[in-house]
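One letter stands for each residue in the lines below.
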Amino acid sequence: MAKDKSIYTCNDCGATSPRWLGKCPGCGAWNTLVESVAEAPAAPGKNRLGASFAALAPASEVQPLSAIEAVDVARTPTGQGELDRVLGGGIVEGGVVLIGGDPGIGKSTLLLQAVDALQRAGLPALYVTGEESGAQVALRARRLGITGSPVAVLAEIQLEKIIATLASQQPAIAVIDSIQTVYSDQLTSAPGSVSQVRECAAHLTRFAKSSGTAVVLVGHVTKDGQLAGPRVLEHMVDTVLYFEGDTHSSFRLIRAIKNRFGAVNEIGVFAMTEKGLKGVSNPSAIFLSQHAQPVPGSCVMVTLEGTRPMLVEIQALVDTGGVSPRRLSVGLERDRLAMLLAVLHQHAGVATGDQDVFVNAVGGVRISEPAADLAVMLAITSSLRGKPLPKGFIAFGEVGLAGEVRPAPRGQERLKEAAKLGFSVAVVPKANAPKKADKAFEGLTIHAVERVDEAMAL
Ligand code: TYD
Ligand code: MG
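Parameters and conventions
Per-chain numbering applies: the sequence of each chain, read as written, is numbered from 1 onward. Whichever chain is written first becomes A and whichever ligand is written first becomes 1, with later ones labelled in order. Where totals are concerned, whole chains, interfaces and linings use all residues; where local detail is concerned, this predicted model gives features only for residues with pLDDT of at least 70, and gives and counts side-chain atom pairs only at 80 or more. UniProt positions are given in the numbering used here, feature names are shortened, and annotations may be inferred rather than shown by experiment. For the domain bounds, the source is a domain assignment made automatically or taken from a database. Contact between two residues is assigned when their C-beta atoms, built from the backbone, lie within 7 Å. By the criteria applied, helices consist of DSSP H or I runs no shorter than four residues and strands consist of E runs no shorter than two, each listed in order from the N terminus. Side-chain classes are defined by residue name, with Ala, Val, Leu, Ile, Met, Phe, Trp, Tyr, Cys and Pro counting as nonpolar, Asp, Glu, Lys and Arg as charged, and the others, Gly among them, as polar. In predicted models, pLDDT denotes the confidence assigned by the predictor to each residue on a 0 to 100 scale. Counting other C-beta atoms within 10 Å of a residue's own tells you its class, since 20 or more makes it buried, 12 or fewer makes it exposed, and anything in between is partly exposed; those C-beta atoms are placed from the backbone. To form a nonpolar core, buried Ala, Val, Leu, Ile, Met, Phe, Trp, Tyr and Cys residues must be joined through C-beta atoms within 7 Å. Two strands pair under a simple rule: DSSP has to find at least two bridges between them. Crossovers are marked right-handed if the path from the first strand over the helix to the second runs clockwise, as seen with the strands pointing away from the viewer.

Per an unreviewed UniProt entry, the protein is named DNA repair protein RadA, and its organism is Ottowia testudinis. Turning to the protein, the UniProt record has this under Sequence similarities (unreviewed entry): "Belongs to the RecA family. RadA subfamily."

The following block contains the structure:
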């Protein structure tokens, strides 16, 4: 087949150039031109990709929305309860899932376990490995205790061959591990470059839609925490999952960032064991460190991720700083930390202007909800004063710039979880305090606060 001509397209303005240029001729931005395949002149009534798009959009009449039946998508559970939870119930026919995460976090392990379970349940699966040889995959299978696995493995990195194999094998699910190793010979750029990743993912997505094969793309995350191929993949696929967690701890989280077939922000929790990843169905207490005695600078909060409340310990350390004091946070937003320190100063008289402040969410979890504010402030104050918070203490609530404490969504559920795990004192926003006594909160003394200074005084 004759090679299609390459053109260079600007990522910002879409201008094209036959040669690569450092500066875009259209908008003048630097370094935005990436290679892509030039489209051959379209035959009448059909574009270059007509064949594959034809399957996507069979000619049909215009219908009123009310006349179209909303068919529920059929999902096939993967046998991994926690993975199914983030997928919204299971793998969807023709659905494309992107799983991102740092190297070594367990993407290959999880997917091998999942396709093995699916294959055993009677769904033909194909595992395409571009990073490892077949022998390495077999070694991993042995480690996982699935040596006799019937899963088909293909060690290949050329897109055209992968698509041809998929078309002839017609698996129900195909895993591409990883999309960064796949290249198309239509492009001259190296595997892993933006243009290759984008082009290959687009082809695979089209294949999934036209054939009904569910495709799972594995993607590596770059140093700045983005999926390589700057976000271009995220809008192409149906579901985006991110693996999170500290490689030094055994717990791993999978978070749904986007899901056309389910809820976002749902998380799945796994533990990495000697024999692969095991789902943790009751994760509420795994992010607490075990202190024999209460220590200064530690405050437990209840966060609500997806549908499950989880207890997470927030640690803070305040130390005498130099000329320009440092503010560092792990698992929490740094800008938010700066804001909370200002509120602490202005509304509670806790000054940290000349101090280094470090905060950390234990266990490598990332907390994005503002309900962590109160716990962060209490941990900082506790560290600054060298006074531990009482044993069995929890707090949550959002703090505003005026020093007011705002309610967190579904506060009662959070309190119930804390009571269930034996916590005895809670500081919560006034609107979250239970209106009447309930057996579910037994043993928990609840202090309702409206302002930060009240919370700090307690
Ligand atoms: P892997 O799935 O190769 O990560 P990724 O595909 O995301 O790069 O996971 C590799 C890590 O997991 C490696 O450090 C070894 C560890 N591991 C276990 O602890 N137990 C196991 O059973 C397996 C297969 C791997
Ligand atoms: Mg891998």
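A. Quick peek at the domain arrangement of the protein. Domains assigned within the protein are domain 1 (1-38), domain 2 (78-279) and domain 3 (298-457). Each of domain 1 and domain 2 has a C-alpha centre, and the two are 29 Å apart. Taken together, the seven residues of domain 1 in the interface contact seven residues of domain 2. Of the residues forming the side of domain 1 that touches domain 2, the biggest block, four residues, is contributed by strand 3 (residues 33-37). Among the residues making up the side of domain 1 that touches domain 2, the classes are represented as two nonpolar, two polar and three charged.

B. Inspection of the confidence of the model for the protein at higher detail. Considering every residue of the protein, the mean pLDDT works out to 85; 92% of them sit at 70 or more. Confidence, expressed as mean pLDDT per element, reaches its minimum in the protein at helix 1 (residues 50-56) with 51 and its maximum at strand 7 (residues 125-129) with 96. Here residues 41-52 is a poorly scored stretch, pLDDT under 50, and it has six contacts once near neighbours within four places are set aside; other chains count. Two numbers describe this predicted complex: its pTM, 0.76, and its ipTM, 0.97.

C. Structural view of the environment of alanine 433. Along the polypeptide, alanine 433 turns up in the loop between strand 22 (425-429) and strand 23 (445-449). Look at alanine 433 and you get partly exposed, because 17 C-beta atoms sit within 10 Å. C-alpha of alanine 433 to C-alpha of proline 407: the two residues are 26 residues apart in sequence and 9.2 Å apart in space. In this structure alanine 433 touches Val428, Ile446 and Ala448, once residues within four positions along its chain are discounted.

D. A look at the UniProt feature "domain: RecA family profile" (unreviewed entry) in the protein. Here the UniProt-annotated "domain: RecA family profile" (unreviewed entry) positions come out as residues 72-221. The span residues 72-221 shows a helical share of 40% and a strand share of 21%, and its end C-alpha atoms are spaced 33 Å apart.

E. Structural detail: the nonpolar core. Of all hydrophobic cores here, the largest spans 109 residues; its most connected members are Ile176, Leu217, Met301, Ile314, Ala375, Val376 and Ala395. If one sorts the elements of this core by residue count, helix 9 (residues 373-385) sits on top with eight residues. Two domains each provide a minimum of three residues to this core, namely domain 2 (78-279) and domain 3 (298-457). Ignoring any residue separated from it by four or fewer positions in sequence, one finds isoleucine 314 in contact with Cys299, Met301, Val359, Ala361, Ala372, Ala375, Val376 and Ala379. Membership of the second largest hydrophobic core comes to five residues, among which are Tyr8, Cys10, Leu33 and Val34.

F. Here's a closer look at the pairing of strand 17 (residues 327-330). Where strand 17 lies against strand 18 (residues 355-361), four bridges are found, and the strand directions are parallel. When the bridges of strand 18 are listed, serine 329 appears paired with valine 359. Handedness of the β-α-β unit built from strand 17, helix 8 (residues 334-348) and strand 18 comes out left-handed.

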